[in-house]
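# An overview of the molecular structure
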Amino acid sequence: MSLTYITLATDKKMPLVGLGTWKSSPGQVKTAVSYALEIGYRHIDCASGYSNEHEIGEALHEKIQTNKCIKREDIFITSKLWNTKHHPDDVEPACRKTLADLQVDYLDLYLMHWPMAFERGNIMMPINEDGSVRYADTDYKDTWKAMEKLVEKGWVKALGLSNFNARQIDDLLSTVTHRPVVNQIECHPYLNQSKLVDHCTKRRIVVTAYSPLGSSDRPWARPDDPKLLEDPRILEIAKKYGKSPAQVIIRWQLQREVVCIPKSTTPSRIKENIEVFDFILSEEDMQQIDSFDCNGRLIVPTIVRDGVRVWRDSSHPYFPFNDSY
């Protein structure tokens, strides 16, 4: 299968469609990654925070060892530094563990998962009894300086960001040696992020869309939340092209030059999500999908404070979503 790529600022090619692995449970993620590689995926998006990199590593190792057509250098592997590992002394050990779990010698891309630092340690979510998180005061610029050393060691080919807003990106760019080449953000028709995408593009930062299909299985979803894949307007466009709603949404992103990493553990959907290179949405349909934007951010954990549901981390000084973009 012929894949379309986008070229990063480092001149490295990154496949426009990858397999997302957030919420892929143990016992399923290995099978999903193996199948994806078999049918032509060459971009796997991982994170230590997903607690499944060990199983992904088993799939990668088996496929590279047993399939002569799949070479390590042909697979674009992304991972992310988790919030509890922001202290500069913790960055190298965290990356070393990811490399060991994934059974690879290097990462093509290593992202800072969030700008906020959580309490240091091995507890993934250091949560208080009231549901709030225990934070640390590490500046993301200090974390970045430690991440840059990973490039110099050859452990990481390129660095990037995730969930950073425009102001934070510019703040970081003022001090870096190795520039971020990607910003991975929530992005879908209800939150098209056009201003942030434009901001990144002007700085030669490629945008990757996580939860591009709305992640209806997110842990904090409520019954009355909108379901993107069931939106009648998307269904109508999909019928027009003889494609699924997911394929239309992914195609919309690709025509915006936004990388897409839809997650699935279902073989038919994994296959469907990459069969998006044989049709083109009209400009009219692109504009119509753009118009669905309602600043509908879905992937933010919430807690109840004083009887009101609020964003859990909004009080953190580096929380990115208090800014408009």
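Presented here is an overview of the structure given in this document. (Residues numbered from 1 in each chain as written. Predicted model: local features only at pLDDT ≥ 70, side-chain atom pairs only at ≥ 80, totals over all residues. Heavy atoms only, no water.)

Reading across from one edge, β3-β4-β5-β6-β7-β8-β9-β10 is the order of the 8 strands in this open sheet, with parallel pairing throughout. Each of the sheet's edge strands pairs with one partner strand only, and the pair in question is β3 (19–20) and β10 (259–260). Note: strand β9 (residues 206–210) against β10, 2 bridges, orientation parallel. Along β10, the bridge assignment pairs A209 with C260. Sheet strands in contact with helix α4 (residues 140–153) are β5 (76–81), β6 (109–112) and β7 (159–162), and its direction is about 170° off that of β6. (Pairing = 2+ DSSP bridges. Helix = DSSP H or I, 4+ residues; strand = E, 2+ residues; numbered from the N terminus. Contact = heavy atoms within 4.5 Å. Axes fitted to C-alpha atoms, helices over the stretch in contact; angles between N-to-C directions.)

The next thing to look at is the packing of helix α7 (residues 232–241) against helix α10 (residues 283–290). The N-to-C vectors of α7 and α10 enclose an angle of 160°; their axes lie 11 Å apart at closest approach. By the angle class used here, α7 and α10 are roughly antiparallel. The element α7 and its partner α10 pack so that their crossing is left-handed. Contacts between α7 and α10 involve I237, K240 and Y241 from the first element and D285, Q288 and I289 from the second. (Parallel < 35°, antiparallel > 145°, perpendicular 65-115°, else oblique. Left-handed = near helix turned anticlockwise from the far one by under 90°.)

Applying the stated criterion across every chain yields a total of 9 aromatic pairs. Aromatic side chains F118 and Y135 sit 5.8 Å apart centroid to centroid with 55° between the ring planes, which places their arrangement in the tilted category. You can see F118 sitting in the loop between β6 and α4 and its partner Y135 sitting in the loop between β6 and α4, a full 17 residues away along the chain. According to the relative accessible area criterion, Y135 is partly exposed, its value standing at 28%. On the numbers, 5.4 Å between centres and 75° between planes, the contact of F319 with F321 is edge-to-face. When the ring centre of W155 is taken as origin, the NZ or CZ atom of K153, which lies over that ring, is 5.4 Å away. The ring of Y106 carries K157 above its face, with NZ or CZ at 4.8 Å from the centroid. (Phe/Tyr/Trp six-rings, centres within 6.5 Å; stacked < 30°, edge-to-face > 60°. Buried < 20%, exposed > 50% of the residue type's maximum accessible area, 1.4 Å probe, protein only. Lys NZ or Arg CZ within 6 Å of the ring centre and 35° of its normal.)

Under the definition given, this model contains 3 cavities of 30 Å³ or more. Approximately 80 Å³ is the volume found for the largest cavity. Surrounding the largest cavity, 13 residues form its lining, F164, Q193, L196, R297 and F321 being those nearest its centre. In terms of residue class, the lining of the largest cavity is made up of 6 nonpolar, 4 polar and 3 charged. In this model, the second largest cavity occupies a volume close to 40 Å³. Counted by class, the lining of the second largest cavity contains 5 nonpolar, 2 polar and 2 charged residues. (1 Å grid on protein atoms, 1.4 Å probe; cavity = no way out; pocket = protein on both sides within 12 Å on 5 of 7 lines; lining within 4 Å. Points joined across faces, edges and corners; volume = space filled by probe spheres on them. Nonpolar A, V, L, I, M, F, W, Y, C, P; charged D, E, K, R; others polar.)

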